[in-house]
Amino acid sequence: MLKRLIAKHKAIDLKDLNNVLLIISLGVFLVSLYFLKNIYVLMLVYLFIYDLFYRRERNKYFKLLTGILPILIFACFLLRYIDLSSLSFDLINMLKIIIKALIFLDYLMIVVHEIRGKDIKYVKGKRGKNSLNDLRIKNIKRYKDCNLEVLNNYQIKNNLDLDSDYYKVLKNNLNQKIKNDLEEYVVINYLRFYKNRKNNKKNILDSLNILFVSIHVIILLLSILVK
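Values in this document were obtained by computation on a predicted structure and should not be read as measured data. (Residues numbered from 1 in each chain as written. Predicted model: local features only at pLDDT ≥ 70, side-chain atom pairs only at ≥ 80, totals over all residues. Heavy atoms only, no water.)

*Asks:* What's the story with the pattern of salt bridges in this structure? I'm lost.
*Replies:* When the charged atoms of two side chains with opposite charge come close together, those side chains can pair. This model, assessed by the stated rule, comprises 2 salt bridges. For the salt bridge of aspartate 181 with lysine 177, the shortest nitrogen-to-oxygen distance reads 2.6 Å. Note that aspartate 181 and lysine 177 are positioned in helix H8 (residues 174-202) at a spacing of 4 residues, about one turn of the helix. Of the residues examined, aspartate 181 reaches a relative accessible area of 19% and is grouped as buried. Judged by relative accessible area, which is 41%, lysine 177 ranks as partly exposed. (Salt bridge = Lys/Arg side-chain N within 4 Å of Asp/Glu carboxyl O. Helix = DSSP H or I, 4+ residues; strand = E, 2+ residues; numbered from the N terminus. Buried < 20%, exposed > 50% of the residue type's maximum accessible area, 1.4 Å probe, protein only.)

And the structure:
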């Protein structure tokens, strides 16, 4: 039973969360941090943040924030057993404020990256919705530059003569390579929009989204009730 729960836990993908619920959860989380005072609840909140951090790409900003937080929380925990009456300010309370600010910043970055990471390229603009042709026009230069750079690097690395037949064949196939790469990108992203749009409507009340919201409600209740 425990192994099955662990396997299901590892299988959770944050990209399956609904964008609207992510934003709502962000607001609930901010309110929870405002009321949060208990150090043990603060530790639980950090574990929740760490679990979210563990599930996504660990860039240097996430590593820095998520690495600093346990040190600050542990320091806050130890300071409770030290006589700080000689200080003219509440060091523990100040440290808690810093910790909560960093936790919210970490959580905000995770939410923003998850929403942006869904890669919904089909968006509304002045001309309405982007068509397949719109996506081709907007990305043709990027794929031309990218493939040309790859060809030039390959030529330099292998010291190919610009007048050689092999280089001429590569150069002649460049346009077809650009066209194929661009078409693959356009089709994938065009279809991905419909998939995401369908899933976002469908998944708004699925078990994962309900669980995600429930965790935030529990954190909010603990923050308010546990002093």
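*Asks:* Where do I start with unusual backbone geometry in this structure?
*Replies:* Across the chain, the bulk of peptide bonds are trans and the bulk of non-glycine residues have phi less than zero. Even without glycine at this site, asparagine 159 takes up a positive phi of about 55°. Structurally, the position occupied by asparagine 159 is in the loop between helix H6 (132-157) and helix H7 (165-172). Exposure remark for asparagine 159: the relative accessible area of 68% places this residue in the exposed category.

*Asks:* Teacher, can you tell me more about the side chain of aspartate 106 here?
*Replies:* With respect to the secondary-structure elements, aspartate 106 resides in helix H5 (residues 91-116). Classification of aspartate 106 by relative accessible area gives buried; the value is 0%. Look past the residues within four positions of aspartate 106 in its chain and what remains in contact with it is Ile49, Phe62, Leu65, Thr66 and Leu69. (Contact = heavy atoms within 4.5 Å.)

*Asks:* Looking at this structure, I do not really get the environment of glycine 67. What am I missing?
*Replies:* One can find glycine 67 in helix H4 (residues 60-79). With relative accessibility at 33%, the residue glycine 67 sits in the partly exposed group.

*Asks:* In this structure, what is going on with the packing of helix H2 (residues 19-35) against H5? I would like to understand it.
*Replies:* Two numbers describe a pair of packed helices, the interaxial angle and the distance between the axes. At a minimum axis distance of 11 Å, the contact between H2 and H5 shows a crossing angle of 180°. Taken together, H2 and H5 sit at an angle that is classed as roughly antiparallel. In this structure, H2 uses Asn19, Leu22, Ile23, Ser25, Leu26, Phe29, Leu30, Leu33 and Tyr34 to contact H5, whose residues at the interface are Lys100, Ile103, Phe104, Tyr107, Leu108, Val111, Glu114 and Ile115. (Axes fitted to C-alpha atoms, helices over the stretch in contact; angles between N-to-C directions. Parallel < 35°, antiparallel > 145°, perpendicular 65-115°, else oblique.)

Read these as layout, nothing more, since geometry by itself doesn't imply function.
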